[in-house]
Amino acid sequence: MPEGPELHLASLYVNKTCEGVVFSGPVRKSEVSKCSDVPFTCEAYRITATSRGKEVKLTLTPLKSDESKQRAKAGQAVQPMDIVFRFGMSGFFRLTREDELPKHAHLRFYSNEKPCRVLSFVDARRFGSWQHNGTWQAGRGPCIMFEYESFRENVMSHLSDRAFDRPICEVLLNQKYFNGIGNYLRAEILFRLNIPPFLPARAVLENLESEDSCENQKPVKNEISDTKKASARTKKSGVKEETADLLRLCHTVPLEVVNLGGKGYDPEKADYSGFEAWLRCYYVDGMTSIRDHNGRTMWFKGDAGPMAPKDSKSPKAKKRAKKEDDHDYTDKKKASRSRRESTTKKKVKQERMTKTPKKAKDTRLKETGSKRKKTEKASDVNTPQPETRSNTRTRKSSAAETIAGPKRRNVRGTR
DNA sequence: CGTCCACGTCTAC
DNA sequence: TAGACCTGGACGG
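Because the structure is a prediction, the values reported are computed rather than measured.

1. Description of the overall build of chain A
Then, number 1: Looking only at helices and strands, chain A has 12 helices and 11 strands in total.
Then, number 2: Considering only contacts in chain A between residues 6 or more positions apart, those separated by 24 or more positions represent 72%.
Then, number 3: Within the structure as shown, chain A displays about 22,700 Å² of accessible surface, and the carbon and sulfur contribution to it stands at 51%.

2. Details of the sheet that holds strand β1 (residues 23–26)
Then, number 1: Spatial ordering of the open sheet is given by β1-β3-β4-β5-β9, a layout of five strands whose pairing is antiparallel. Strand pairing shows two members of the sheet lacking a second neighbour, β1 and β9 (129–132), which therefore form its edges. Geometrically, the sheet is characterised by an average inter-axis angle of 35° between neighbouring strands, direction not taken into account.
Then, number 2: For β1 and strand β3 (residues 41–52), the ladder comprises three bridges, and the chain directions are antiparallel. Looking across to β3, one finds that Pro 26 is bridged to Thr 41.
Then, number 3: Running over the sheet, helix α1 (residues 4–17) touches β3 and β4 (55–62) and is turned about 145° from β3.

3. Let's talk about unusual backbone geometry
Then, number 1: Not every positive phi belongs to a glycine, and His 104 is a case in point at roughly 65°.
Then, number 2: Residue position: His 104 is located in the loop between β6 (91–97) and β7 (105–110).
Then, number 3: Phi at Asn 133 takes a positive value of approximately 50°, unusual for a residue other than glycine.
Then, number 4: Within the secondary structure layout, Asn 133 lies in the loop between β9 and α3 (148–156).
Then, number 5: Judged by its relative accessible area of 54%, Asn 133 falls in the exposed class.

4. Thoughts on the pairing of strand β8 (residues 117–123)
Then, number 1: Along β8, six of the seven residues are buried, which leaves the element largely enclosed by surrounding structure.
Then, number 2: Sheet topology note: the β6/β8 ladder contains seven bridges and is antiparallel. Among the inter-strand pairings, Gly 91 is bridged to a residue of β8, identified as Asp 123.
Then, number 3: Two strands pair when backbone bridges link them, and β7 and β8 are joined in this way by five bridges, in the antiparallel orientation. For Tyr 110, the partnering residue across the bridge sits in β8 and is Val 118.
Then, number 4: Counted between consecutive antiparallel strands, the loop separating β7 from β8 contains six residues.

5. A few points about the confidence of the model for chain A
Then, number 1: Overall, the prediction assigns chain A a mean pLDDT of 77, with 66% of residues at 70 or greater.
Then, number 2: Across chain A, element-level confidence peaks in β7 with a mean pLDDT of 99 and bottoms out in helix α11 (residues 344–353) with 35.
Then, number 3: Per-residue pLDDT stays below 50 along residues 221–239; that stretch engages in 10 contacts with residues further than four places along the chain or on separate chains.
Then, number 4: The low-confidence segment residues 317–361, where pLDDT is below 50, has 102 contacts with residues more than four positions distant or belonging to other chains.

6. Focus: the nonpolar core
Then, number 1: Counting 54 residues, the largest nonpolar core has Val 155, Phe 164, Ile 168, Phe 178, Tyr 184, Leu 205 and Leu 246 as its most contacted members.
Then, number 2: Looking at this core, the elements that each hand over two or more residues are α3, α4 (168–171), α5 (183–193), α6 (201–205), α9 (246–260), α10 (272–278) and β11 (297–300).
Then, number 3: At eight residues, the largest contribution of residues to this core is made by α9.
Then, number 4: When sequence neighbours within four positions are dropped, the list of residues in contact with Val 155 reads Phe 164, Tyr 177, Phe 178, Leu 205 and Leu 247.
Then, number 5: Counting 30 residues, the second-largest nonpolar core is a separate cluster that includes Phe 23, Tyr 45, Phe 85 and Leu 95.

7. Here we look at the packing of α5 against α9
Then, number 1: Taken N-terminus to C-terminus, the directions of α5 and α9 make an angle of 120°; their axes are 10 Å apart at the nearest point. Considered as vectors, α5 and α9 are oriented oblique to each other. The handedness of the crossing between α5 and α9 comes out as right-handed. Each of Tyr 184, Leu 185, Glu 188, Ile 189, Leu 190, Arg 192 and Leu 193 in α5 lies in contact with α9, whose residues at this interface are Leu 246, Leu 249, Cys 250, Val 253, Pro 254, Glu 256 and Val 257.
Then, number 2: In terms of residue class, the contact of α5 with α9 is built from 11 nonpolar, no polar and three charged.

Conventions adopted
Residues numbered from 1 in each chain as written. Chains lettered and ligands numbered in written order. Predicted model: local features only at pLDDT ≥ 70, side-chain atom pairs only at ≥ 80, totals over all residues. Heavy atoms only, no water. Helix = DSSP H or I, 4+ residues; strand = E, 2+ residues; numbered from the N terminus. Contact = heavy atoms within 4.5 Å. Areas by Shrake-Rupley, 256 points an atom, 1.4 Å probe, with all protein chains shown as cover. Pairing = 2+ DSSP bridges. Axes fitted to C-alpha atoms, helices over the stretch in contact; angles between N-to-C directions. Buried < 20%, exposed > 50% of the residue type's maximum accessible area, 1.4 Å probe, protein only. pLDDT = per-residue confidence, 0-100. Core = buried A, V, L, I, M, F, W, Y, C linked by side-chain atoms within 4.5 Å. Parallel < 35°, antiparallel > 145°, perpendicular 65-115°, else oblique. Left-handed = near helix turned anticlockwise from the far one by under 90°. Nonpolar A, V, L, I, M, F, W, Y, C, P; charged D, E, K, R; others polar.

Written out as structure tokens, the structure is:
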């Protein structure tokens, strides 16, 4: 879930699903999580959420009652508490019944309902984190989506910062200036403007206005617009996109994802196809990809630009699958695209660009030998898990999803 | 089975 | 500027 739009969608999800829900008791943490315990307990409290860039803040608000003194005495919270979350690569929130806790539910808030429900912070890879009594992380810039003017000002007034010595695609991941932009957004944004990703950032930015020249057109807003959208579609890349500059697209492109109304980037979910169809560049068949200086895959089309890594390594063009898992709240199915499929063309390109494909940082360790670490893993959730898939793993690729499942994607040049 | 890859930070040499 | 931190899906043998 984790770029600006997904974080914001997560906050909307919490506000929507937890509206009117009364939570009760202590906040509970999984055994495996290394994040701090959250010292909050209360007979009755509510949960609301806000987002800023790549962070979400939950506010736990105790309900009023006459006996606040007694409560305070009993160690119960009286004051609200804020908890600030970062999602890492895999974090999200989910409200479920207590007997259906998701795997990797590392922080949990229990309702006082009859069949109890639980709001969980779920994070398979555990790169996410939280901080109680937290504030927005110092050093992160204004939100690209909801603090647009100050975001823009913050960039334009700091162009002398050495941070802008780097290629534009790498600077776009600098959260001090682009709080909310992540790997798919940088690709989509640069693609819209046809900007070679490895142009020097300062050169790309220095001629932009400090104030948005498109000011009149106002932010994209959460307009669940009516019917005019259809026509706007047809003449896409009309005025708007052509006059919009890079900084403005850092604002509008993420808001497009919010307005898609799904979950954003989340291949596991049923409504991923809407997001997938929205992507024009990232992971799209026919586009080029190389690794930037930090080992992150940059997707683009055409010229890479002068600051491209010399020995440039292009990652293997892998395919991606969406699995049909349907336990979703909104089941709006769509025909799944088959856009990232054939790799034939890319292979040729790879041959040219690839020297020694460096391994993903992510995985390098395992392979370089270091044997298995000690940690005999405790169950992720301290709730007993029905350990259905023990070591007798069956390849499950054939059941459930054959109908419209992954097979589709592999359609090669059948055109 | 093993390898590669993934929406992101962090901190240590 | 490398690693470290993690799990799991897709794919290849």
